Amino acid sequence: MNVIIFPPTIDWSWMRQRPQQLAKQLAKRGYTVFYCNQSTQKKPVEEMMPGLYVVHHFSKWVREEYPRLKQTYGNVVGLWCTWPKLTPYIKKMKPDWVIYDCVDEMERWQRYEPEMVKRSNAIICTSQPLFERLRKDYPFKRIEIVRNGYDPDLSLHLEHASSILPRDLPKNNRPLVGYVGAWAPWIDEGLVRRLLREELDLVVIGAEFGLNYCSYGKSNVHFLGHKAHEQLANYLPFFHVCIIPFQKNKLTAAVNPVKAYEYLAAGKPVVSTNLPECRQMYPYVEIGHSHDEFVSKVLHYIQHAGDASDRIRYALQHTWDHRGEQIEMIIKDFAS
C-alpha cells in the first residue's frame with residue numbers, strides 16, 4: 001500500500017483542519033501516512049492511530065529516516081501538498097507522485113503555484129470557484145473538486161443530554177448567536193457591529209488570526225478563544241443560530257467553510273453572507289445579501305429554528321468519510 005506524506009503546513013494538534021482530516025481518512029483506508037508538523041520538537045515519530053504517524057522533527061526525519069522509507073516501499077511514496085510553497089520539498093524528496101490540494105485563494109501564494117502544478121500529478125480543490133480558476137489557468141492538468149466535510153467523531157449530530165451551560169457562556173437569558181473559527185481579517189466587522197445592536201449575545205470560539213479581539217463597545221460579544229474541536233459539542237447545543245459573517249472578496253468567494261458542516265451537524269440554523277459555496281448549501285444555509293437582511297434572518301431563526309433533522313441529515317451526507325472515498329479513487333488512478 002502507498003505511503004503518503006503531508007509535508008509541514010500546520011501542526012497536528014493545532015486547529016483540526018482539512019490536512020489532518022484527510023490524513024486520518026487515508027490512514028483509515030490502509031495507507032501509511034506521515035503527517036509532518038511545522039514546529040520542531042526533539043521527539044520521536046508518534047503513532048496517532050493505526051497507520052498514521054506524526055513527525056515532530058521534519059528536517060531530521062527527511063535526512064535520517066526518509067531514505068530508508070523510500071527504499072522499503074519502492075515506487076509508491078507520494079506527497080500531499082496543501083501549500084504551493086512546498087515545492088522545494090518535492091525537489092528534495094523526489095516522491096513518486098504528488099497531489100496539490102488547493103484549499104485557498106491567497107494572492108500571496110499564487111506566484112508559487114505554477115511550479116507546484118508543474119510537479120503535481122493532479123490538482124484537488126475545495127470549491128467550484130477554485131475549480132473554474134484552476135481549469136482556466138491549467139487546462140492541461142487533471143483537476144477534481146473534493147469539498148470539505150463534517151467529522152462524525154465530533155458527535156455534534158448526536159443528541160446531547162447534558163443541560164449544563166459551560167461556565168464561560170453568558171447567563172443573561174438573551175439568545176446566543178455563535179461563530180466558530182479563526183477571528184481573521186476576512187470577518188465583516190461592520191456586519192458584526194450591526195448584529196450587536198440587537199438583543200442577543202454573540203459568542204466567538206476561535207483564535208485571533210490577524211484580527212484582534214478589539215473592543216466593540218458592547219457587553220453582548222464574548223470572545224472565548226481557541227478551543228479543541230472535541231469541545232464544540234459542549235457549546236453548539238446552546239446556540240440558537242450560527243453564523244458565517246465573512247466579507248465578500250476573492251478569498252472568501254473560494255471558501256468551502258468547514259464550520260457550515262459542523263453547524264448543520266448540530267442541527268443549528270445557519271446564516272451566511274453571500275458566498276458561492278454557501279449558496280450551494282441552500283436551503284440548509286440561509287444567505288443574507290446585505291447587513292440588514294443577514295440580521296433579519298438571524299432574528300427570524302432565533303424565533304423559528306425550523307427542522308434540525310434535515311440539517312443533520314445533510315451534514316451526514318457530507319462527512320470526511322465521503323471525501324476520503326473520493327480522494328482514494330483519485331489516488332488509485334496513478335499511484336498503484
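For the structure itself, consult the block above.
Reference entry: report on the structure contained in this document. (Residues numbered from 1 in each chain as written. Predicted model: local features only at pLDDT ≥ 70, side-chain atom pairs only at ≥ 80, totals over all residues. Heavy atoms only, no water.)

1. Quick notes on the environment of Arg-142
Okay, step 1: Positionally, Arg-142 belongs in the loop between helix H6 (128-137) and strand S8 (143-145).
Okay, step 2: The exposure class of Arg-142 is partly exposed, given its relative accessible area of 31%.
Okay, step 3: It is 28 Å that separates the C-alpha atoms of Arg-142 and Leu-316, two residues lying 174 residues apart in sequence.
Okay, step 4: Beyond its immediate sequence surroundings of up to four residues, Arg-142 is in contact with Ala-122, Ile-123, Ile-330 and Asp-333.
Okay, step 5: A distance of 2.8 Å separates polar atoms of two side chains, one belonging to Arg-142 and the other to Asp-333. (Helix = DSSP H or I, 4+ residues; strand = E, 2+ residues; numbered from the N terminus. Buried < 20%, exposed > 50% of the residue type's maximum accessible area, 1.4 Å probe, protein only. Contact = heavy atoms within 4.5 Å. Polar contact = N/O pair within 3.5 Å; in protein donor to acceptor, adjacent residues only side chain to side chain.)

2. A closer look at the side chain of Gln-20
Okay, step 1: Inspection of the secondary structure assignment puts Gln-20 in helix H1 (residues 18-28).
Okay, step 2: Judged by relative accessible area, which is 1%, Gln-20 ranks as buried.
Okay, step 3: A distance of 3.1 Å separates a polar side-chain atom of Gln-20 from the backbone nitrogen of Gln-17.
Okay, step 4: The residues touching Gln-20, leaving out its near neighbours within four places in the chain, are Ile-10, Asp-11, Trp-12, Trp-14, Met-15 and Tyr-35.

3. Considerations on the nonpolar core
Okay, step 1: Residues Leu-156, Leu-202, Phe-239, Ile-243 and Val-298 are the most contacted members of the largest nonpolar core, which totals 60 residues.
Okay, step 2: Discounting chain neighbours no more than four positions away, the residues touching Leu-156 are Tyr-150, Leu-232, Ala-233, Leu-236, Glu-262, Ala-265 and Ala-266.
Okay, step 3: Residues Tyr-66, Leu-69, Ile-90 and Val-98 belong to the second largest nonpolar core, which totals 30 residues. (Core = buried A, V, L, I, M, F, W, Y, C linked by side-chain atoms within 4.5 Å.)

4. Section: the environment of Pro-129
Okay, step 1: The topology assignment puts Pro-129 in helix H6.
Okay, step 2: Taking the relative accessible area as the measure of exposure, Pro-129 reaches 23% and is therefore partly exposed.

5. So, the state of the cysteines
Okay, step 1: By the definition in use, this model includes zero disulfides.
Okay, step 2: The thiol sulfur of Cys-36 is not disulfide-bonded, and the nearest other cysteine sulfur, from Cys-81, lies at 10 Å.
Okay, step 3: You can see Cys-242 has no disulfide; the closest cysteine sulfur is in Cys-278, sitting 13 Å from it.
Okay, step 4: Note on Cys-242: relative accessible area 0%, which makes it buried. (Disulfide = S-S within 2.5 Å.)

6. Quick notes on the sheet that holds strand S14 (residues 285-288)
Okay, step 1: In space, the six strands of this open sheet follow the order S11-S10-S9-S12-S13-S14, with parallel pairing throughout. Unpaired on one side and paired on the other, strand S11 (221-225) and S14 mark the two borders of the sheet. Between one strand axis and the next, the sheet turns by 25 degrees as a mean value, whatever way the strands run.
Okay, step 2: Sheet analysis places strand S10 (residues 201-205) next to S11, joined by four bridges and oriented parallel. When the sheet's bridge partners are listed, Val-203 is paired in S11 with His-222.
Okay, step 3: Sheet contacts for helix H9 (residues 258-265): strand S9 (176-180), strand S12 (241-244), strand S13 (270-273) and S14; angle to S12, the most-contacted strand, approximately 170 degrees. (Pairing = 2+ DSSP bridges. Axes fitted to C-alpha atoms, helices over the stretch in contact; angles between N-to-C directions.)

7. So, the sheet that holds strand S2 (residues 32-36)
Strand-to-strand pairing in sheets goes through backbone hydrogen bonds, with the strands running parallel or antiparallel.
Okay, step 1: Pairing within the open sheet is mixed, and its eight strands lie in the order S3-S4-S2-S1-S5-S6-S7-S8. The open sheet has two edge strands, strand S3 (46-49) and S8, and neither has a second partner. When strand polarity is set aside, the average angle formed by the axes of neighbouring strands in this sheet is 25 degrees.
Okay, step 2: The pairing of S2 with strand S4 (residues 52-55) spans four bridges and is parallel. Its bridge partner lying in S4, Tyr-35 is registered against Val-54.

8. Let's talk about the packing of aromatic side chains
Okay, step 1: Taken as a whole, this structure holds 16 aromatic pairs when the rule is applied.
Okay, step 2: Geometrically, the ring pair formed by Phe-58 and Tyr-89 is edge-to-face, given 4.9 Å between the ring centres and 80 degrees between the ring planes. Of this pair, Phe-58 sits in helix H2 (residues 58-64) while Tyr-89 sits in helix H4 (residues 87-93), placing them 31 residues apart in sequence.
Okay, step 3: The class of Phe-58 is buried, set by a relative accessible area of 8%.
Okay, step 4: Summarising the aromatic geometry, the rings of Trp-83 and Trp-109 are spaced 5.9 Å apart at their centres and angled 65 degrees between planes, so their arrangement reads as edge-to-face. Here Trp-83, found in the loop between strand S5 (77-81) and H4, pairs with Trp-109, found in the loop between strand S6 (97-102) and helix H5 (113-118); they are 26 residues apart in sequence, far enough to count as distant.
Okay, step 5: Taken together, the ring pairs in this structure connect Phe-34, Tyr-53, Phe-58, Trp-61, Tyr-66 and Tyr-89 into an aromatic cluster.
Okay, step 6: In this arrangement the basic side chain of Arg-16 is found over the ring face of Trp-12, its NZ or CZ atom lying 5.2 Å from the centre. (Phe/Tyr/Trp six-rings, centres within 6.5 Å; stacked < 30°, edge-to-face > 60°. Lys NZ or Arg CZ within 6 Å of the ring centre and 35° of its normal.)

The analysis is restricted to geometry; functional conclusions fall outside its scope.
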